[in-house]
Protein chains: 4
Amino acid sequence: MTGEHTVQVYYEDTDFSGLVYHANYLKFFERAREHLLGRERLVELWDVQGVGFVVYRASMNFREGAKFGDVLRIRTTVTLQSAYRACFHQSAWRDGGERALVEAEIDLVCVDRTERLVALPDVVRSLIAEPPVGS
Amino acid sequence: MTGEHTVQVYYEDTDFSGLVYHANYLKFFERAREHLLGRERLVELWDVQGVGFVVYRASMNFREGAKFGDVLRIRTTVTLQSAYRACFHQSAWRDGGERALVEAEIDLVCVDRTERLVALPDVVRSLIAEPPVGS
Amino acid sequence: MTGEHTVQVYYEDTDFSGLVYHANYLKFFERAREHLLGRERLVELWDVQGVGFVVYRASMNFREGAKFGDVLRIRTTVTLQSAYRACFHQSAWRDGGERALVEAEIDLVCVDRTERLVALPDVVRSLIAEPPVGS
Amino acid sequence: MTGEHTVQVYYEDTDFSGLVYHANYLKFFERAREHLLGRERLVELWDVQGVGFVVYRASMNFREGAKFGDVLRIRTTVTLQSAYRACFHQSAWRDGGERALVEAEIDLVCVDRTERLVALPDVVRSLIAEPPVGS
């Protein structure tokens, strides 16, 4: 399953160096994941089944900084690593750029309301297993 | 000049109470102002003229909290208070809601790169003075 | 009841203008309130009684911006406005500064886990009613 | 060079899951690095020499979530990888905990005001090379 989500760089995202504060790319990546999995699906999983997502591992490479006013494309590909873990390959691209500014691999697991590990819900697993549109 | 901007409530926006963290409405309001004034115009003002916007005064009333997954409409009306100050009336509405969750009045001034007060640029003043679309 | 709390301005607090992002003063003020009321008391109120604090109204005046590396003193005075509302007068001072950089009045109420308004807990009311140390 | 820095978990740090939002550990780690290298030294490097630090690579493992009110010890060990790169091993510990909640390796480089890579300043290199206190 793959997707693309657009974010705009606002005042709040930058720091005094003039560039986006490094931790904020994790926010951009999470927004993209939420759009990919679907807002209503995530709300229902939490409200009805008491299942939420937790970041288990993240690794990031920062190649170039984005600036105030930049429009970034967040590209995401997600694969199932096991019944418990989903691996998201994500990258941030400046509009028209030739290489990613930031690249990340982010692994997520699911927990219940008591923070115990649970299997990824079926609806999420079948969603992730979907072939990319057009293939 | 009036406008409406949509924001979605992500994980990052909430706190452990389950609702949006109060300070984050100021972020939503600023995003809406940036869209209203225009990303490219703001970037050019800063890069070419060295003029930026600074919040001078803000007052907010919090009536009801937004939740994860909510889609909020940020409504903005801006008026010129003087050659130096623009006053933004802003409010956050849940999609389909009957009253605003949060209402704010936020006054902005302009400063140069040495943080000295300067008059609002002409392009901003004429933009603000525009009558609402349809009137 | 009055108190003073120190915060340091980190990278994360600034934006590309070089100054502290305006919404972050609300974070500084909340940290100061939490230290004033007491971390353990707040945790117990939430965990045992299901009572949390919510910002109901906030008004702020921004006079001067703090910079990366600044050490700020957050001064807080709190008064009871009613059985339901506490009013916090808060200001941010640069170490050795002659006037506040930012001043705020922030009203808080209490809610239960279903977000219904409840009276301020007795422990909070008696704490707030304490005369300042030394008087 | 090693150090320990204490952070308290505030409302702002949590999300609706009840735990600290994952990206905020990067903020905690950066605060710890700034205390280790020294606030005044970092301000002077930026203001006088125009040299700032940029995160180049980060990898994190999240084992357990911190909660509102937790007091976390951020432990940091830094080594020189080359004349250009410093590697920070950082971890977050709950007071009295037996294992780290979160562990990270974060590589930093230095850039000048035009975002060009520069060697780590001598003062930083000699600081990092210092043996731990007591050894």
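Everything numeric in this text was worked out from a predicted model, so none of it was measured.

Definitions and limits used
Residues numbered from 1 in each chain as written. Chains lettered and ligands numbered in written order. Predicted model: local features only at pLDDT ≥ 70, side-chain atom pairs only at ≥ 80, totals over all residues. Heavy atoms only, no water. Least-squares fit on C-alpha atoms with pLDDT ≥ 70 in both. Helix = DSSP H or I, 4+ residues; strand = E, 2+ residues; numbered from the N terminus. Buried < 20%, exposed > 50% of the residue type's maximum accessible area, 1.4 Å probe, protein only. Contact = heavy atoms within 4.5 Å. Salt bridge = Lys/Arg side-chain N within 4 Å of Asp/Glu carboxyl O. Arc of directions from axis to C-beta. Phe/Tyr/Trp six-rings, centres within 6.5 Å; stacked < 30°, edge-to-face > 60°. Lys NZ or Arg CZ within 6 Å of the ring centre and 35° of its normal. Buried area = accessible area lost by both parts, 1.4 Å probe. Polar contact = N/O pair within 3.5 Å; in protein donor to acceptor, adjacent residues only side chain to side chain. Nonpolar A, V, L, I, M, F, W, Y, C, P; charged D, E, K, R; others polar. Pairing = 2+ DSSP bridges.

Some remarks on the relation of the copies chain A and chain B
- Take chain A, turn it by 180°, move it 0.0 Å along the axis, and it overlays chain B with an RMSD of 0.0 Å. What the rotation and shift describe, once combined, is the action of a two-fold rotation axis. No C-alpha of chain A approaches the rotation axis more nearly than that of Val7 of chain A, which lies at 5.6 Å.

A few points about the environment of Gly69 of chain A
- By secondary structure assignment, the location of Gly69 of chain A is in the loop between β2 (52-62) and β3 (71-80).
- When its relative accessible area of 4% is taken as the criterion, Gly69 of chain A is described as buried.
- Sequence-wise, Gly69 of chain A and Tyr10 of chain A are 59 residues apart; in three dimensions their C-alpha atoms are separated by 6.3 Å.
- If we skip the residues at most four places from it in the chain, Gly69 of chain A touches Val9 of chain A together with Arg39 and Val43 of chain B.

Focus: the pattern of salt bridges
- All told, the structure shown has 52 salt bridges over all chains when counted by the stated rule.
- Across the salt bridge formed by Glu103 of chain C and Arg63 of chain C, the nearest N and O atoms sit 3.0 Å from each other. Here Glu103 of chain C is found in strand β5 (residues 102-111), whereas its partner Arg63 of chain C is found in the loop between β2 (52-62) and β3 (71-80), with 40 residues between them in sequence.
- A relative accessible area of 33% places Glu103 of chain C in the partly exposed class.
- Assessed through its relative accessible area of 42%, Arg63 of chain C is described here as partly exposed.
- Salt bridges here are not isolated pairs; linked through shared partners, they connect Arg57, Arg85, Glu105 and Asp107 of chain A.

Re the side chain of His5 of chain D
- By the secondary structure assignment, His5 of chain D is in strand β1 (residues 2-8).
- Non-local contacts of His5 of chain D, meaning those with residues more than four positions away in its chain, are made with Tyr10 of chain C together with Arg31, Ala32, His35, Leu72, Arg73 and Ile74 of chain D.

What about the relation of the copies chain D and chain A?
- Superposition of chain D onto chain A requires a rotation of 180° combined with a translation of 0.0 Å along the rotation axis, giving an RMSD of 0.0 Å.
- Both copies present the same face, since 100% of the interface residues in chain D are matched by interface residues at the equivalent positions in chain A.

What about helix α3 (residues 122-129) of chain C?
All names here are of chain C.
- The complete set of buried residues in α3 reads Val124, Leu127 and Ile128. Down the axis of α3, the buried side of the element spans an arc of 95°, and every buried residue falls inside it. Away from its buried face by more than 90 degrees, α3 exposes Asp122 and Ala129.
- The inward-facing, buried residues of α3 abut α1 (24-37), α2 (39-49), β2, β3 and β4 (86-94).

Quick word on the packing of aromatic side chains
- The tally for this structure, following the rule as stated, stands at 24 aromatic pairs over all chains.
- Taking 4.6 Å as the distance between ring centres and 20° as the angle between the ring planes, the aromatic pair formed by Phe16 of chain B and Phe68 of chain D counts as stacked. Taken as a pair, Phe16 of chain B in the loop between β1 (2-8) and α1 (24-37) and Phe68 of chain D in the loop between β2 (52-62) and β3 (71-80) lie in two separate chains rather than in one. Phe68 of chain D shares its class with Phe16 of chain B; the two are buried.
- Here the aromatic rings of Tyr25 of chain B and Phe62 of chain B are separated by 6.0 Å at their centres, their planes lie at 65°, and the arrangement is edge-to-face. Of this pair, Tyr25 of chain B sits in helix α1 while Phe62 of chain B sits in strand β2 (residues 52-62), placing them 37 residues apart in sequence. Summarising the burial analysis for this pair, Tyr25 of chain B and Phe62 of chain B share the class buried.
- Through a chain of ring-to-ring contacts, the aromatic side chains of Tyr11 and Phe68 of chain A, Trp46 of chain B together with Phe16 of chain C assemble into a single cluster.
- Positioned above the aromatic ring of Trp93 of chain A, the side-chain terminus of Arg75 of chain A is 4.2 Å from the ring centre.
- The side chain of Arg33 of chain D reaches across the aromatic face of Phe88 of chain D, ending 5.8 Å from its centre.

Here's the deal with the interface of chain D and chain A
- Taken together, the contact between chain D and chain A spans 21 residues of the former and 21 residues of the latter.
- With both sides pooled, the region where chain D packs onto chain A buries about 2,000 Å², and carbon together with sulfur makes up 60% of that total.
- Linking chain D with chain A are eight residue pairs in polar contact (both at pLDDT 80 or more), by the criterion used here.
- Put simply, the parts of the chain that give the side of chain D that touches chain A at least two residues each are α1 (24-37) and β2 of chain D.
- At eight residues, β2 of chain D tops the list of elements feeding residues into the side of chain D that touches chain A.
- Grouping the amino acids of the side of chain D that touches chain A by side-chain chemistry returns 11 nonpolar, four polar and six charged.
- The pairing of β2 of chain A with β2 of chain D spans five bridges and is antiparallel. Counterpart to Ser59 of chain A in the pairing with β2 of chain D is Ser59 of chain D.

What about the environment of Ala100 of chain C?
Residue and element names in this part refer to chain C.
- Within the secondary structure, Ala100 sits in the loop between β4 and β5.
- Distance from Ala100 to Leu72, taken between C-alpha atoms, is 9.9 Å for residues 28 residues apart in sequence.
- Filtering out sequence-adjacent residues up to four positions away, Ala100 remains in contact with Arg63, Ser91, Ala92 and Trp93.

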